[in-house]
Amino acid sequence: MSGRLLRLVCTGAVAAGMLLSPTPAAADPEPGQGSGAEAQRSVSSLLTDLQRLYRDAERATETYNATAEKLKKQRAEVSRLDAGLARARLSLEDSRGAAGRLARQQYQSSDDLSTYLKLLLARDPQHALDQGHLIGQLSLERAATVRRVTGGEKRTDVLARAARKALDGQLSLAGRQKKERDEVRERLDDVQRLLASLTADQLAELAGAEKSGTATAQKRFMASGALSSVRPPSPEGEKALSYAVDQIGKPYEWGAEGPAAYDCSGLTSQAWDRAGRPIPRTSQEQWAQLPKVPLDRLRPGDLVIYFPEATHVAIYLGGGMVVQAPRPGAKVKVSPIAANPLLGAVRPDPGGKPLGHYTPPKLPEGATEGTDEGYASGAPTDG
């Protein structure tokens, strides 16, 4: 979710809905209100509200993604423990069967005479010695079998407790995920309600205000010298960026990891996974776990993190531009790096050596923000 909200704000679905269904007429200004600065302040306030709502929705989305990732791992752990428990139970049954067989053999071969008396009375002392040795071996084998049974019972009990605990954890995570899913949908409903309350003129003014604000932020950022040099990517960074570019034009969908749709961290995590270097699923974990890199050392393929809570992420394209999955209703696109408040950048392959020769990927027509969607990308969905 990019904070460049008016690509969604001016969606075709919203505009069509406003044209085809009755909407409240805009109130005429009260005497003395005026229209110039007052109207501009109103547009600015609306833009701020939309940015806040989208940011809330993205924060909820990344929280949902983190829980979904934990739930995936927990399910794998439950499956692993269940498989181990099944093997342990089979082994225990085998050990108990062996113990039973040994007990029957010992009973069938025993009598009231000791081995010493058997040796004295035997017609063939060597045969008696062999019999005694066999009985001794059976006793040792029985003792070992008993130890296996006892150990198997303990292992089975431990695995059964662990499996129950893991299953309880899975159920708890599933309940949390449902609550977080509902939170995302509620935040997106807030956006929809605000959009539905706007007139076509307000939407157009919001689009202009957003475009102007982004252009100003980008100009200021580029003039600051933060991006001081042109750097080639590593081989892995080139692969990750190439994958992201290939996804341009696909829709944003919260919680999605492709291949048909993506959310912001779904795009970046899949891009680097395809490059052969798996990274954390969420933007917060990408920021927390991957090595930081100064903005003046950015190279294509690095990840650019936004907002103080690290709730949005894009992949650096070069030349002050990023590829991102911006927000619901929009599509994967190329945007100015300053489209959102920058937090910093991380590099998934800090040891990767830059390519000696690098040709930037060719972008599809209309890939750059401002020309890609024509403000008609569709209304937000809940994924």
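Look up: the structure comes first, before these words.
The following paragraphs examine the structure supplied in this document.

Definitions and cut-offs
- Residues numbered from 1 in each chain as written.
- Predicted model: local features only at pLDDT ≥ 70, side-chain atom pairs only at ≥ 80, totals over all residues.
- Heavy atoms only, no water.
- Core = buried A, V, L, I, M, F, W, Y, C linked by side-chain atoms within 4.5 Å.
- Buried < 20%, exposed > 50% of the residue type's maximum accessible area, 1.4 Å probe, protein only.
- Helix = DSSP H or I, 4+ residues; strand = E, 2+ residues; numbered from the N terminus.
- Contact = heavy atoms within 4.5 Å.
- Pairing = 2+ DSSP bridges.
- Axes fitted to C-alpha atoms, helices over the stretch in contact; angles between N-to-C directions.
- Salt bridge = Lys/Arg side-chain N within 4 Å of Asp/Glu carboxyl O.

### Considerations on the nonpolar core
Thinking step 1. Membership of the largest hydrophobic core comes to 36 residues, with the highest contact counts inside it found for Leu303, Ile315 and Val323.
Thinking step 2. Sorting the residues of this core by element identifies α3 (36-109), α5 (125-196), α7 (235-246), α8 (264-274), β1 (303-306), β2 (312-318) and β3 (321-324) as the ones contributing at least two each.
Thinking step 3. Counting residues per element, this core draws most heavily on α7, at five residues.
Thinking step 4. Excluding anything up to four places from it in sequence, Val323 contacts Leu241, Ala244, Val245, Ile248, Leu267, Ala314, Ile315, Leu317, Val332, Lys333 and Val334.
Thinking step 5. If you look at the next biggest cluster of nonpolar residues, it comprises 13 residues, including Ala226, Val304, Val322 and Ala345.

### What to know about the sheet that holds β3
Thinking step 1. With antiparallel pairing, the five strands of this open sheet are ordered in space as β4-β3-β2-β1-β5. At either margin of the open sheet sits one strand with a lone partner, and together these are β4 (333-336) and β5 (342-346). Neighbour-to-neighbour, the strand axes of the sheet open up by a mean angle of 40 degrees, direction not taken into account.
Thinking step 2. Bridge analysis of β1 against β2 gives four bridges, and the strand direction is antiparallel. Bridge pairing in β2 links Tyr306 to His312.
Thinking step 3. Strand contacts of α7: β2 and β3, with the helix running at about 105 degrees to β2, the strand carrying the most contacts.

### A closer look at the pattern of salt bridges
Thinking step 1. Within this structure, the stated rule accounts for four salt bridges.
Thinking step 2. Here Glu257 makes a salt bridge to Arg281, at a shortest N to O gap of 3.4 Å. Placement of the pair is Glu257 in the loop between α7 and α8 and Arg281 in the loop between α8 and α9 (283-289), with a sequence separation of 24 residues.
Thinking step 3. Note on Arg281: relative accessible area 6%, which makes it buried.
Thinking step 4. In this structure, Asp263 engages Arg281 in a salt bridge whose closest nitrogen and oxygen atoms are separated by 3.2 Å. Of the two residues, Asp263 sits in the loop between α7 and α8 while Arg281 sits in the loop between α8 and α9, which places them 18 residues apart along the sequence.
Thinking step 5. What makes Asp263 buried here is its relative accessible area of 0%.

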